[in-house]
Amino acid sequence: MKFFVDTADIDAIAELNATGMVDGVTTNPSLIKKSGRDILEVTKEICDLVDGPVSAEVTATDADEMIAEGRKLVEIAENIAVKVPLTWAGLKACKTLTDEGHKVNVTLCFSANQALLAAKAGATFISPFIGRLDDINIDGMDLIADIRQIYDNYGFETEILAASIRTVNHATQCALVGADVMTAPPGVIKSMINHPLTDKGLDAFLADIKSAGIKIL
Ligand code: E4P
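Residues numbered from 1 in each chain as written. Predicted model: local features only at pLDDT ≥ 70, side-chain atom pairs only at ≥ 80, totals over all residues. Heavy atoms only, no water.

Concerning unusual backbone geometry
- Its identity as a non-glycine residue notwithstanding, Asn137 has a phi of 65 degrees, on the positive side.
- Secondary-structure assignment places Asn137 in the loop between helix 7 (130-135) and helix 8 (140-154).
- Exposure remark for Asn137: the relative accessible area of 77% places this residue in the exposed category. (Helix = DSSP H or I, 4+ residues; strand = E, 2+ residues; numbered from the N terminus. Buried < 20%, exposed > 50% of the residue type's maximum accessible area, 1.4 Å probe, protein only.)

Written out as structure tokens, the structure is:
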């Protein structure tokens, strides 16, 4: 499973990138707002830092405007994936932009039917939002499993990009049900390493290293 980082925070991306954990980045208008930066400027910096796809979301709601914005966004760098909302206008923009050879991430997916439409429109990525479904007492992971089954039934190549990941358990479950990608905030990815037995074991080894005076260099 590929890991995308769900942030527009350059320092956080750089820190994780150094560990090999960054296969791509996703942003959205809320994350751009949080960064306090200009969308074109910060997106360019992210693209310079990361080799994989970097999703940048359109601001328009009309298909022609989304297409125009998408064409401007892809000029930033080769690895831009234009993010469009799951509306008919968004699907029309998806079809046009993917026909032109650009990567498109269809976002705000909350049902298997929406994911089916996005795949038929040629989406590179579909972004089902797990956490926001969990927030309204619907199991977001069931949606990932349903989309996996539907895409596999028909050989759709659209990648399932599990989004709105809030917990480390979401990450495990995404991998178990076969999401192609998960996009998670840096804090969630960093927490995946935590295990008390690792800490306890390392403390014991360090105590023995100290008392025995073990040295390598
Ligand atoms: C990523 O593409 C989504 O915009 C993001 O994961 C949404 O996460 P949230 O529901 O925590 O805002």
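Considering the environment of Asp23
- Tracing the backbone shows Asp23 in the loop between helix 1 (10-17) and strand 2 (24-26).
- For Asp23, a relative accessible area of 32% gives the class partly exposed.
- For the pair Asp23 and Ala184, spaced 161 residues apart in sequence, the C-alpha separation works out to 12 Å.
- Apart from the residues lying within four places of it in its own chain, the contact partners of Asp23 are Met1, Lys2, Phe3, Phe4, Gly52 and Pro53. (Contact = heavy atoms within 4.5 Å.)

Side note on the side chain of Glu159
- Along the chain, Glu159 falls in strand 7 (residues 159-162).
- At a separation of 2.8 Å, a polar atom in the side chain of Glu159 contacts the side chain of Lys2.
- For Glu159, the contacting residues outside a window of four places in its chain are Lys2, Thr124, Phe125, Ile126, Asp180 and Val181. (Polar contact = N/O pair within 3.5 Å; in protein donor to acceptor, adjacent residues only side chain to side chain.)

Quick notes on helix 11 (residues 196-212)
- The terminal C-alpha atoms of helix 11, which comprises 17 residues, lie 24 Å apart, in line with the 24 Å expected from a rise of 1.5 Å per residue.
- Summarising burial for helix 11: 0 of the 17 residues are buried, a small minority.
- Once helix 11 ends, the next one or two residues include Gly213, with phi positive near 65 degrees. (Expected span 1.5 Å × (residues − 1).)

Some words on the site of the ligand
- As a matter of local geometry, the ligand sits amid Asp6, Thr26, Asn28, Lys83, Phe129, Arg132, Ala163, Ser164, Arg166 and Thr183.
- Measuring from an oxygen atom of the ligand, one finds a side-chain N or O atom of Lys83 at 2.6 Å.
- The contact in question runs from an oxygen atom of the ligand to an N or O atom on the side chain of Ser164, over 2.7 Å.
- For the shell around the ligand, the per-class residue count stands at 2 nonpolar, 4 polar and 4 charged. (Near = heavy atom within 4 Å. Nonpolar A, V, L, I, M, F, W, Y, C, P; charged D, E, K, R; others polar.)

Brief notes about helix 3 (residues 39-49)
- Among the residues making up helix 3, those that are buried are Val42, Thr43, Ile46 and Cys47. Mapping the buried residues of helix 3 onto a view down its axis gives an arc of 140 degrees, with all of them on the same face.
- Looking at where helix 3 begins, the residue whose side-chain oxygen comes 3.2 Å from the main-chain nitrogen of Leu40 is Asp38. (Arc of directions from axis to C-beta.)

Re the environment of Leu116
- Along the chain, Leu116 falls in helix 6 (residues 112-120).
- Measuring from C-alpha to C-alpha, the distance between Leu116 and Ile126 comes to 9.3 Å, with 10 residues separating the pair along the chain.

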